[in-house]
Amino acid sequence: MAIHELSFQSVKPIAALSFYAHRVDLNQAIVAPDQLPSELGKLAKCLRQENRIPIVADTTEFCLLSPYPLKSNGSFQILSFVAVDITAPKYRRQLEQILNLGTIDHFRNRGFRVDAYEREAFLETLKISEEIETQRFIKWNLRIDTDKYVFFSIDYSNSYHSCYTLDERELSSLTPDQQLVHSYDGKSCRYVGLAGFTVSDIQSGLGNISLLEYHRRKGEISEQFISSIPPATPAIKVNYGSKGEDVIYPHIPHLLKKTFTKDDVEARVFNAQVWSIDKRFKTAIQEIEHFNNFLGIDIPGQKITFNITPYYPDPQRDFPEKHKNNLDFGGGCFGSYPTQGLGKKRLLEKPEQIKIVVFHPENWKVMEWCEEFEKFAAGFRIQFIFIQDEFFEYHSYPIGKTLEIQRKCRNLEKYDLALIFVPDKEECILNPKFDPYSIFKREFVKAMLPSQAIEESTLKAKFKDNTGYNLLLGILGKLGYCPWQLKHMPGDAQAFLGLDIGRKDGVAVGVAAFIVSPQGKVLGWFPANFQSHRETFDITALRSIIFDLINLYEERNQTPLNHLVIHRDGYFQADELDLLDELMPELSQAGIQKLDAVEILKSGYPRAGQWNEKSKKWENPRRGLAWPISETEVALMTTGKTEIKGGTNFVPRPIIVRRRRGETRPGFLAAQVYWLSEMHIGSTQTIRLPITTYYPDMAAEYALEGLLPTGLQKGCKLPF
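Below, the structure is looked at part by part. (Residues numbered from 1 in each chain as written. Predicted model: local features only at pLDDT ≥ 70, side-chain atom pairs only at ≥ 80, totals over all residues. Heavy atoms only, no water.)

**A short note on the packing of aromatic side chains**
Turning to step 1, where the next piece is worked out: All chains considered together, the criterion is met by 29 aromatic pairs.
Turning to step 2, where the next piece is worked out: In this structure an aromatic cluster arises from ring pairing among Trp-369, Phe-373, Phe-376, Phe-380, Phe-421, Phe-463 and Tyr-469.
Turning to step 3, where the next piece is worked out: In this arrangement the basic side chain of Arg-110 is found over the ring face of Phe-294, its NZ or CZ atom lying 5.8 Å from the centre.
Turning to step 4, where the next piece is worked out: Sitting over the face of the ring of Phe-334, Lys-487 holds its NZ or CZ atom 4.8 Å from the ring centroid. (Phe/Tyr/Trp six-rings, centres within 6.5 Å; stacked < 30°, edge-to-face > 60°. Lys NZ or Arg CZ within 6 Å of the ring centre and 35° of its normal.)

**Re the side chain of Ser-336**
Turning to step 1, where the next piece is worked out: Locating Ser-336 in the fold gives a position in the loop between β20 (333–335) and α8 (338–342).
Turning to step 2, where the next piece is worked out: With relative accessibility at 9%, the residue Ser-336 sits in the buried group.
Turning to step 3, where the next piece is worked out: Within the local environment of Ser-336, its side chain forms a polar contact with the backbone nitrogen of Asn-325, the two atoms lying 2.9 Å apart.
Turning to step 4, where the next piece is worked out: Discounting residues that sit within four places of it in the chain, Ser-336 has contacts with Pro-320, Lys-324, Asn-325, Asn-326, Leu-327, Trp-675 and Glu-678. (Helix = DSSP H or I, 4+ residues; strand = E, 2+ residues; numbered from the N terminus. Buried < 20%, exposed > 50% of the residue type's maximum accessible area, 1.4 Å probe, protein only. Polar contact = N/O pair within 3.5 Å; in protein donor to acceptor, adjacent residues only side chain to side chain. Contact = heavy atoms within 4.5 Å.)

**Description of helix α2 (residues 92–109)**
Turning to step 1, where the next piece is worked out: For α2, which comprises 18 residues, the first-to-last C-alpha distance of 26 Å matches the rise-based estimate of 26 Å (1.5 Å per residue) to within 8%.
Turning to step 2, where the next piece is worked out: Taken together, the buried positions of α2 are occupied by Arg-92, Gln-94, Leu-95, Ile-98, Leu-99, Asn-100, Leu-101, Gly-102, Thr-103, Ile-104, His-106 and Phe-107.
Turning to step 3, where the next piece is worked out: Directly after α2, the chain includes Gly-111, whose backbone phi takes a positive value near 90°. (Expected span 1.5 Å × (residues − 1).)

**Brief notes about the side chain of Ser-517**
Turning to step 1, where the next piece is worked out: On the secondary structure map, Ser-517 appears in the loop between β27 (507–516) and β28 (522–529).
Turning to step 2, where the next piece is worked out: Residue classification places Ser-517 among the buried residues on the basis of a relative accessible area of 6%.

**Concerning the nonpolar core**
Burial of nonpolar side chains together is a common tendency in soluble globular proteins.
Turning to step 1, where the next piece is worked out: Core analysis: the largest hydrophobic core is formed by 71 residues, its most contacted members being Trp-369, Phe-373, Ile-382 and Phe-421.
Turning to step 2, where the next piece is worked out: Not counting chain neighbours up to four residues away, the residues in contact with Phe-421 comprise Val-358, Phe-359, His-360, Pro-361, Trp-364, Val-366, Trp-369, Cys-370, Tyr-397, Ile-454 and Leu-459. (Core = buried A, V, L, I, M, F, W, Y, C linked by side-chain atoms within 4.5 Å.)

**So, the sheet that holds strand β32 (residues 617–619)**
Turning to step 1, where the next piece is worked out: Read from one edge of the open sheet, three strands run β1-β31-β32, paired in antiparallel fashion. Because the sheet does not close on itself, it has two edges, and the strands there are β1 (3–5) and β32. Adjacent strand axes in the sheet meet at a mean angle of 45°, parallel and antiparallel pairs treated alike.
Turning to step 2, where the next piece is worked out: Alignment of β1 against strand β31 (residues 608–612), held across three bridges, turns out to be antiparallel. Its bridge partner being in β31, His-4 is matched across the sheet by Gly-609. (Pairing = 2+ DSSP bridges. Axes fitted to C-alpha atoms, helices over the stretch in contact; angles between N-to-C directions.)

On their own, these measurements won't tell you what the molecule is for.
Here it is as structure tokens:
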């Protein structure tokens, strides 16, 4: 069955659209240069509201774009203006903004409450328990292809809130950073603390009015409700900023509700609220019919309507079908998926025996479980020998006593592996000092000892093959063994270098990089720490890491590296691309003839489905399918209908493989990403991301907590 996107193509391409580009000078106090683009955007928003026409900012040229000529006023001075075609490629971002403004107007004209920033229109609120209600909303996105066709993607999601506002619950029960939501418009924020004044106190920051008067004048709350709020109510502070970028304002508790995560909702109830792929597609088709009945998206001089059939991209590729049985488990055993080799008890690399030390909380009975695990490993001809004080030692430890645990971790050099039994993570969230995991891991890092944690829920559950597979594969990965490898890697790349960062409180403070062979084997990795204030790498550290890992490849293979592919988790920042451009002459002199820089994007693209003519239903597609979306981008299903997590209605989403530098065809780059996503040797679980970005992501987070060694690590041992 062919794939269809959960998006809809416009009936016609956008025709040429005349706008006026006004170069302006802001009539205000001097502001820092980096604040000028923000001020221009604020001016455009203000003019839109005053004139009720789509006026947008072009910060590159520092001008305002409008369908009609503007006149100078007290806020800005027009220096010059010229007529432009806003459908030209240079104005693509501004055109998409104008289309979004038209979409917002469409939903508001139909009576929906809209969050313009998040591109969400709220549909309905349902009470799902005595404490919790769900807010269902439609999410949309717009893109324009090179032929100027508009693609309108739609999805549906839920948020979960308390049925009660904060005035009906004790504020003292809230913790800092508790997620909250406006009861009147659905916007989210985070709790900071008490403001130190009441909702009726005059505040200079609000223009010498009270919070009550401020919300009365905004007109979003009825006068009757505002009047019912006691004037002596303490105000609270809430944060609208992202982590590390605080935007704090006072607020009224009566206008806020607590937000819940899916973990707070009983699983059966939560799953019942999630729409299936069939429900999403059929509802989206009805939504597009509504759009067309309302004459579509209204922009100056044009009305954009859409085909009601979900978009069918062409061509489409099926990577598992093209390269069947591409995973090599050794001994002539091949398969297209990891479970095919594991089911035959075949592993490409494995030790004959492992010398293990076991740590468990006092009074926990773990020996019977370990014996079950031993029998399971024996099926793969891996021997756990249970001889006290020789091959398999048991040590009990007291929970909550750091020094006692550290004493138990002395003289670890003689072991190959540590098994640590620990309480479930959820039990230690409120009492971190009772979590022994990080204490053990720091001690194991000092001894360079691989370890595998086993939570109490796993210990108490019946030992199953799937549990054994995941634990055994995790152990083999940490010991440096590769249970399977790729038989064929599309393209001619000799190595893949994956990059990611670690963030703490919104600040980028660490980078991790891995170098991987075309067979999908980790050759080495490099976690490092640095200081930064945004999601980008320390350029000096990045340069050093690239050269160190290239040198490691050549040292390992005794051959020069000619073609390197760099994978970035998320978007490359401008200074990162500048560095790669600066390095290319030096790399070329060293023999590297080809370098591809590739972004792996996890979000922002529509879901996909396949129509089953027999059942007359839309279904989730298989993993391994891909299709081009531009000259440099490919959408790729690295998970599919057999990898659904969390419930039968959950819908996988494609990732985007985007070439930013290099000449390799995007189809080859996407095929490489797919096969590297099948090389997660530490688990049977299918992961959306290739190991080139998933492993660095894991390593960066662990390194931030001091749970990994730093510096260049040779070989393929994966301690995380």
